[in-house]
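# Structure assessment
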Amino acid sequence: MATVVEKTVSAAVDDMDRLTWDWYLDKVVQVLMFIGGISAVVFIIGIFVFITKEGIGFVADAFDFKEFFFSPNWRPTSETKETYGILALIAGTASVTGLAMVVAIPFSLGAAIFIAEFARGKTRELLKVTVELLAAIPSVVWGFIGLSIMNPIIIETFDVPVGLNVLNAGIILGLMAAPIMTSIAEDALKAVPDRYREAAEAMGATRWQVISKVVLPAAKNGLLGAVLLGVGRGFGETMAVLMATGHAINIPTSVFDSVRALTATIATELGETAVGSTHYQALFAIGIFLFVITFIINLTADLIVRGIRKQ
Amino acid sequence: MFAETELNQKNRRTQRLFRILFGLMTLALIIPVFLILATLIVKGGPAISIDFLFTQPKNGMTAGGVFPALLGTVWLVIVALLASVPLGVAAAIYLSEYAPDNWLTRAINLAIINLAGVPSIVNALFGVGAFVLFFKFGTSILAASLTLAIMTLPVVIVATRESLQAVPHAFREACWNMGATRWQTIRRIVLPNAITGILTGVILEVSRTAGETAPIMFTGAAFFLPFLPQSVFDQTMALSLHLYVVATQVPGVPEHLPFGVALVLIAMVLIMNSLSIALRMYLRGKKKW
């Protein structure tokens, strides 16, 4: 009898240990999913490797650190002496992004506070959906809006000869970045536990006191993260900035000056260069610079946002 | 009841003030965009017709329709989805169902965030370096779509991971207790419960992909082509690039034409996004747990 039981048990154990088709399939799928999982890492490294591969020739041969970063002269096609200075392009990108943030930061934070803390029920759903839809408008459409709608408005309102300038691109970029910043900032406000609000309300605080004294301080890292992501987005924006800035190499002295952005320079010139030429490699060098800057901004934003989650 | 003190009144006034202020700020973000959209509709509306959608551009793109560009965008989106959806869903399944909490998983999450933040023109450079030159696809639909796929991969991953994680853990445990393998559990229990959520992410990606311009400029989209693409190794026109071209590169374009192109593009994107949002709301209403 005992042996019979033993045999049955061992047969059952054998059966469970038997490596069936499903067991192998499970292992294969696990490997496939893992490949999918690490693909993001592979791609981000791949992006860096490939733009470096194409741009390294410039950095190794023609690169002059002082000229590249401190000369305002971007003259890659000059017949007498080619110069590759990106200072004016950096100034263009920075001025447009800066103005965009002046427009976008207060409004998107205000909107986020309204949506997260004041609005209720249907109003709130409607506002959230609207903000989400606004974030979906493609950048080339924004560029076209700058070119065809904002341009005449600026010329008429401020009586200036050209409406494609820092002001135009800044407003366009601000309107473009604001919905994204609003969503992220709203998430940050939502992440503040309700018990914080309840505790403050139980002490007799008004809603505004709860927001200003409890919610905002608790969410400040998340809000900072939202702002940084907006900055990163502005820095990397291409089509809107290309079409609305006027695309003239210039260190701006007022918001009515036309400028040219780093991204836009690549977009307009890459098609006209021969593969492997110094000019071509210099454009990839700008690409490396953009990649590194946005990488740092995104990384910082992520670290700041994650800092609050840990607490 | 307590009588309202002066302090109470002051607090209430402050609150009302800020409520109005922030409400106005919200409106200040939304109203200009609606005015802009209205302008687009007013100026571009007259250009739109069935003919506009289904005829070739004529007279050096100063007349005629947008058919090749529309078709090209459809090509680009489909090929990009074929590449990014399987990869993105696999990545999301790995992160949600398999990934241990270690440095590699943190690296993957960080990579996803950074991939979403890479400037579109840098993606274009990558597409040129990798797909056009290194893998020798040339400037083709394939190269452009793969560039778009990598760029929009984070959209699929994030949406899919969210909908997978929304499936209660108890469902999985019940299945494991029946002796199912991990994959059987994922295929029979987790994916069927998450499929609508994944779909919202995919639709969102379609809209993102259709609107991108910079990544396809040098990888596969052409300013003008007299013929339609026959395979993924051909170049194509695309709606987004077509808008840039007719708005900035072609002289003598009648005003309504670029407005019409912009309107078609924006309608396409907003319809896709609304669909995604509607699906998400329907899903939220249907959820049983």
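### Considerations on the overall build of chain B
Of the regular secondary structure elements, chain B holds 11 helices and two strands. In sequence order, the secondary structure elements of chain B are arranged as α-α-β-β-α-α-α-α-α-α-α-α-α. Against the compact-globule benchmark of 19 Å for 289 residues, chain B has a radius of gyration of 24 Å, which places it well outside the compact range. Judged by the C-alpha coordinates and their principal axes, chain B covers about 75 × 65 × 35 Å. Considering chain B as a whole, with its 289 residues, one finds that 49% of them fall into the buried category. Looking at chain B alone, contacts between residues at least 24 apart form 76% of all its contacts between residues at least 6 apart.

### Regarding the overall build of chain A
Scanning chain A from N- to C-terminus turns up 12 helices and two strands. Counting from the amino terminus, chain A carries its helices and strands in the arrangement α-α-α-β-β-α-α-α-α-α-α-α-α-α. Here the C-alpha radius of gyration of chain A, 27 Å, is well above what a compact globule of 311 residues would show, namely 19 Å. Along the three orthogonal principal directions, the C-alpha set of chain A runs to about 100 × 65 × 35 Å. Considering chain A as a whole, with its 311 residues, one finds that 46% of them fall into the buried category. At a minimum sequence separation of 6, the contacts of chain A that also span at least 24 residues come to 72%.

### Details of helix 11 (residues 262-269) of chain A
In terms of burial, helix 11 of chain A is a largely internal element, six of the eight residues being buried. All of the buried residues in helix 11 of chain A are L262(A), T263(A), A264(A), T265(A), I266(A) and A267(A).

### Quick word on the interface of chain A and chain B
Between chain A and chain B, the residue contacts involve 74 residues of the former and 73 residues of the latter. Take the side of chain A that touches chain B: its biggest share by element is 23 residues, from helix 2 (residues 21-62) of chain A. Taken together, the residues of the side of chain A that touches chain B break down into 47 nonpolar, 20 polar and seven charged.

### Focus on the confidence of the model for chain A
Considering every residue of chain A, the mean pLDDT works out to 87; 92% of them sit at 70 or more. Per-element confidence in chain A ranges from a low mean pLDDT of 59 for helix 1 (residues 2-17) of chain A to a high of 93 for helix 4 (residues 87-118) of chain A.

### A word on helix 3 (residues 67-98) of chain B
Over its 32 residues, helix 3 of chain B extends 45 Å from the first C-alpha to the last, a length consistent with the 46 Å expected when each residue adds 1.5 Å. The largest bend in helix 3 of chain B amounts to roughly 30 degrees and is located at L81(B).

### Quick notes on the packing of helix 6 (residues 139-158) of chain A against helix 11 (residues 256-286) of chain B
Two elements in contact, helix 6 of chain A and helix 11 of chain B, have axes whose closest approach is 10 Å; the angle formed by their N-to-C orientations is 150 degrees. One way to sum up the angle between helix 6 of chain A and helix 11 of chain B is to call them roughly antiparallel. Viewed along their axes, helix 6 of chain A and helix 11 of chain B form a crossing whose handedness is left-handed. Contact residues: helix 6 of chain A offers V141(A), F144(A) and S148(A), while helix 11 of chain B offers P258(B), A262(B), L265(B) and I266(B). Counted by class, the contact of helix 6 of chain A with helix 11 of chain B contains six nonpolar, one polar and no charged residues.

### Digging into the environment of V192(A)
Here V192(A) is to be found in the loop between helix 7 (166-190) and helix 8 (194-202). Note on V192(A): 20 C-beta atoms within 10 Å, which makes it buried.

### So, unusual backbone geometry
Residues and elements named next belong to chain A. Even without a glycine there, the phi angle at D159 is positive, about 55 degrees. By secondary structure assignment, the location of D159 is in the loop between helix 6 and helix 7. The phi torsion at H247 lies on the positive side, around 60 degrees, for a residue other than glycine. For H247, the position within the fold is in the loop between helix 10 (239-244) and helix 11.

### Regarding the confidence of the model for chain B
Per-residue confidence for chain B gives a mean pLDDT of 89, with 98% of residues at or over 70. Here the complex is predicted with pTM 0.88, and the ipTM for its interfaces comes to 0.89.

### Some words on the nonpolar core
Counting residues in hydrophobic clusters, the biggest one holds 189 residues, and the most contacted among them are A40(A), I172(A), L76(B), L243(B), A262(B) and L265(B). Ranked by residue count, the leading element in this core is helix 4 of chain A, at 18 residues. The residues touching L265(B), leaving out its near neighbours within four places in the chain, are P138(A), V141(A), G211(B), L239(B), S240(B) and L243(B).

### Some remarks on the environment of V59(A)
Mapped onto the elements of the fold, V59(A) is located in helix 2. Its 16 C-beta neighbours within 10 Å are what place V59(A) among the partly exposed residues.

### Points about the packing of helix 4 (residues 103-117) of chain B against helix 6 (residues 141-165) of chain B
Residues and elements named next belong to chain B. Close contact between helix 4 and helix 6 brings their axes to 7 Å; oriented N to C, the two are set at 130 degrees. The orientation of helix 4 relative to helix 6 falls into the category oblique. Crossing geometry of helix 4 relative to helix 6 is assigned as left-handed. Mapping the contact onto sequence places I112, L115 and A116 in helix 4 and L153, P154 and I157 in helix 6. Of the residues belonging to the contact of helix 4 with helix 6, the class tally is six nonpolar, no polar and no charged.

### Examining the environment of I184(A)
All names here are of chain A. Note on placement: I184 falls in helix 7. In this structure, the C-alpha to C-alpha distance between I184 and A226, residues 42 residues apart in sequence, is 5.4 Å. Once you skip the residues sitting within four places of it in the chain, I184 turns out to touch G225, A226 and L229.

How each quantity is defined
Residues numbered from 1 in each chain as written. Chains lettered and ligands numbered in written order. Predicted model: local features only at pLDDT ≥ 70, side-chain atom pairs only at ≥ 80, totals over all residues. Helix = DSSP H or I, 4+ residues; strand = E, 2+ residues; numbered from the N terminus. Rg over C-alpha atoms; globule rule 2.2 N^0.38 Å. Buried ≥ 20, exposed ≤ 12 C-beta atoms within 10 Å, placed from the backbone. Contact = placed C-beta atoms within 7 Å. Nonpolar A, V, L, I, M, F, W, Y, C, P; charged D, E, K, R; others polar. pLDDT = per-residue confidence, 0-100. Expected span 1.5 Å × (residues − 1). Bend = angle between axes of the 7 residues up to and from the residue. Axes fitted to C-alpha atoms, helices over the stretch in contact; angles between N-to-C directions. Parallel < 35°, antiparallel > 145°, perpendicular 65-115°, else oblique. Left-handed = near helix turned anticlockwise from the far one by under 90°. Core = buried A, V, L, I, M, F, W, Y, C linked by C-beta atoms within 7 Å.

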